[in-house]
Amino acid sequence: MTSLRIAVIGNGKMGKAVAALARERGHTIGTVVGHVENPAGRALTAERLKGIDIAIEFTRPDAVVANLERLIPLGIPTVTGTTGWTEALPNIELLVQREGGALLHAANFSVGVHLFFRAAKALAQCFRGRPEFAVTIHEEHHASKLDAPSGTALLLQQQLWQAEPGRRFPITSVRAGDAPGAHTLKYEAKHETVTLQHVSRSRDVFAAGALAAAEWLPGHHGVFTFEDMLFEGER
Ligand SMILES: NC(=O)c1ccc[n+]([C@@H]2O[C@H](COP(=O)([O-])OP(=O)(O)OC[C@H]3O[C@@H](n4cnc5c(N)ncnc54)[C@H](OP(=O)(O)O)[C@@H]3O)[C@@H](O)[C@H]2O)c1
């Protein structure tokens, strides 16, 4: 595996987890860009990012777009895990296309969650056309998570709509404590319940996925999701 020189954008819980794991895996952290020095992405200059192979961005919904608008024209391949900005994605896709850049974005970098999506879709196919079962998606995250519902719950909902178009898959959200994240799909009838659940026990699962994406992205051009990378052999 080639050792990468990584710029970590955002020095919060995920930025710190990514930097620690990257060092363990033999990569170099070339720079860490925090909030105060980076209003509207202004710290992301060619000079600051000289010699950087890839940027890994975990900030906030109100900061990510400005960061990408800086990183992409500078030709820095970028992996972002920030959630809550899907409405801006079409414009960012155009920018990546125009600049010939590389971006991989994912609301969830856990491999297990993407396999859970597949299992959930299969479960929804089994329950298709059975209105006696009420269905709900429930997600719980730590108190400091800003967006609700989670990007992962919204992705799960999209998968379920593919299995049973026209059905409502309502989402409930809880923000409390410090847990990294849990998603539950529940089918409930009068006397029985079927539950499928994914629980993240540590943020390291997301950091490992983001790093795997950072190792994969160089040499690719365009906009990719974590699923594109995980299931690339199947397409
Ligand atoms: N894709 C995944 O697998 C995954 C997993 C976990 C989390 N997430 C998402 O990733 C994002 C970060 O999560 P987190 O748990 O690390 O949150 P966090 O602990 O709040 O960290 C976010 C950091 O970004 C900083 N920041 C804000 N604006 C910035 C800017 N313009 N430039 C540089 N840094 C800036 C914040 O600084 P201040 O505190 O000073 O504002 C904070 O240190 C969230 O959107 C979360 O939903 C995704």
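A.B. asks: So what exactly am I meant to see when it comes to the overall build of the protein here?
C.D. replies: A count of helical and extended segments in the protein gives 7 helices and 10 strands. Radius of gyration (C-alpha) of the protein: 19 Å, near the 18 Å computed for a compact globule of 235 residues. Projecting the C-alpha coordinates of the protein onto the three principal axes gives extents of approximately 65 × 40 × 35 Å. Here the protein holds 235 residues, and 46% of them are scored as buried. In the protein, of all internal contacts separated by at least 6 residues, the share reaching a separation of at least 24 is 70%.

A.B. asks: Would you explain the nonpolar core in this entry?
C.D. replies: Nonpolar side chains tend toward joint burial in soluble globular proteins. Among the nonpolar cores identified, the biggest contains 29 residues, and Ile6, Val18, Ile56, Val79, Leu104, Phe109 and Leu217 are the most heavily contacted of them. Within the residue set of this core, elements represented by two or more residues are strand E1 (5-9), helix H1 (13-24), strand E3 (54-57), strand E5 (102-105), helix H6 (204-216) and helix H7 (226-230). If one sorts the elements of this core by residue count, H6 sits on top with 7 residues. Ignoring anything within four residues of it in the chain, the contact list for Phe109 reads Phe58, Val79, Thr80, Gly81, Leu104, Val205, Phe206, Gly209, Ala210, Ala213 and Phe226.

A.B. asks: Would you mind showing me how to read the side chain of Arg203 here?
C.D. replies: Tracing the chain through its elements places Arg203 in the loop between strand E9 (193-200) and H6. Once residues within four sequence positions are removed from consideration, Arg203 is found in contact with Lys13, Met14, His142, Asp178 and Pro180.

A.B. asks: Any chance you could explain the site of the ligand here in plain terms?
C.D. replies: For the ligand, the set of nearby residues contains 23 residues, the closest of which are Met14, His35, Asn38, Thr83 and Phe109. A distance of 3.1 Å separates an oxygen atom of the ligand from a polar side-chain atom of Arg60. Here Ala107 contributes a backbone N or O atom positioned 3.1 Å from a nitrogen atom of the ligand. Coverage of the ligand by the protein chains reaches 84% of its 920 Å² of free accessible surface. When grouped by side-chain class, the residues that make up the shell around the ligand number 8 nonpolar, 11 polar and 4 charged.

A.B. asks: Explain the pairing of strand E8 (residues 181-188) to me, please; I cannot follow it from the model alone.
C.D. replies: Along a regular strand, successive side chains alternate from one face of the sheet to the other. In terms of burial, E8 is largely enclosed, as 6 of its 8 residues are buried. Relative to E8, strand E6 (residues 134-141) is paired through 7 bridges, and the arrangement is antiparallel. Opposite Glu139, over in E8, you have His183 as the bridge partner. Pairing geometry for E8 and E9, over 8 bridges, is antiparallel. Bridge pairing links Ala182 to Val199 in E9. Connecting the antiparallel pair E8 and E9 is a turn made up of 4 residues.

A.B. asks: Please clarify how the sheet that holds strand E4 (residues 78-80) should be interpreted in this entry.
C.D. replies: The strands making up a sheet associate through hydrogen bonds between their backbones, and the pairing can be parallel or antiparallel. Pairing within the open sheet is parallel, and its 6 strands lie in the order E2-E1-E3-E4-E5-E10. Each edge of the open sheet is held by one strand with a lone partner, namely strand E2 (28-33) and strand E10 (222-225). Neighbour-to-neighbour, the strand axes of this sheet turn through a mean angle of 20°, independent of strand direction. Pairing of E4 with E5, which is carried by 3 bridges, proceeds in the parallel orientation. Of the residues in E5, the one forming a bridge with Thr78 is Leu103. Packing against the sheet, helix H2 (residues 64-71) makes contact with E1, E3, E4 and E5, and its axis sits at approximately 170° to E4. Against the sheet, H6 engages E1, E3, E4, E5 and E10, with an angle of about 155° to E3.

A.B. asks: Help me out: how do you make sense of the packing of aromatic side chains in this one?
C.D. replies: To describe a pair of aromatic rings, one takes the distance between the centres and the angle between the planes. All told, the structure shown has 6 aromatic pairs when counted by the stated rule. Here Phe127 and Phe133 contribute two aromatic rings whose centre-to-centre distance is 4.9 Å and whose plane-to-plane angle is 75°, an arrangement assigned as edge-to-face. Residue class for Phe127 comes out buried when judged on its relative accessible area of 10%. The exposure class of Phe133 is buried, given its relative accessible area of 9%. Look at Trp216 and Phe224: their rings are 5.2 Å apart centre to centre, the planes differ by 85°, and that puts the pair in the edge-to-face class. Through successive ring pairs, a cluster of aromatic residues spans Phe58, Phe109 and Phe226. Positioned above the aromatic ring of Phe231 is the side chain of Arg118, whose terminal nitrogen or guanidinium carbon lies 3.8 Å from the ring centre.

What counts as what
- Residues numbered from 1 in each chain as written.
- Predicted model: local features only at pLDDT ≥ 70, side-chain atom pairs only at ≥ 80, totals over all residues.
- Heavy atoms only, no water.
- Helix = DSSP H or I, 4+ residues; strand = E, 2+ residues; numbered from the N terminus.
- Rg over C-alpha atoms; globule rule 2.2 N^0.38 Å.
- Buried < 20%, exposed > 50% of the residue type's maximum accessible area, 1.4 Å probe, protein only.
- Contact = heavy atoms within 4.5 Å.
- Core = buried A, V, L, I, M, F, W, Y, C linked by side-chain atoms within 4.5 Å.
- Near = heavy atom within 4 Å.
- Polar contact = N/O pair within 3.5 Å; in protein donor to acceptor, adjacent residues only side chain to side chain.
- Areas by Shrake-Rupley, 256 points an atom, 1.4 Å probe, with all protein chains shown as cover.
- Nonpolar A, V, L, I, M, F, W, Y, C, P; charged D, E, K, R; others polar.
- Pairing = 2+ DSSP bridges.
- Axes fitted to C-alpha atoms, helices over the stretch in contact; angles between N-to-C directions.
- Phe/Tyr/Trp six-rings, centres within 6.5 Å; stacked < 30°, edge-to-face > 60°.
- Lys NZ or Arg CZ within 6 Å of the ring centre and 35° of its normal.

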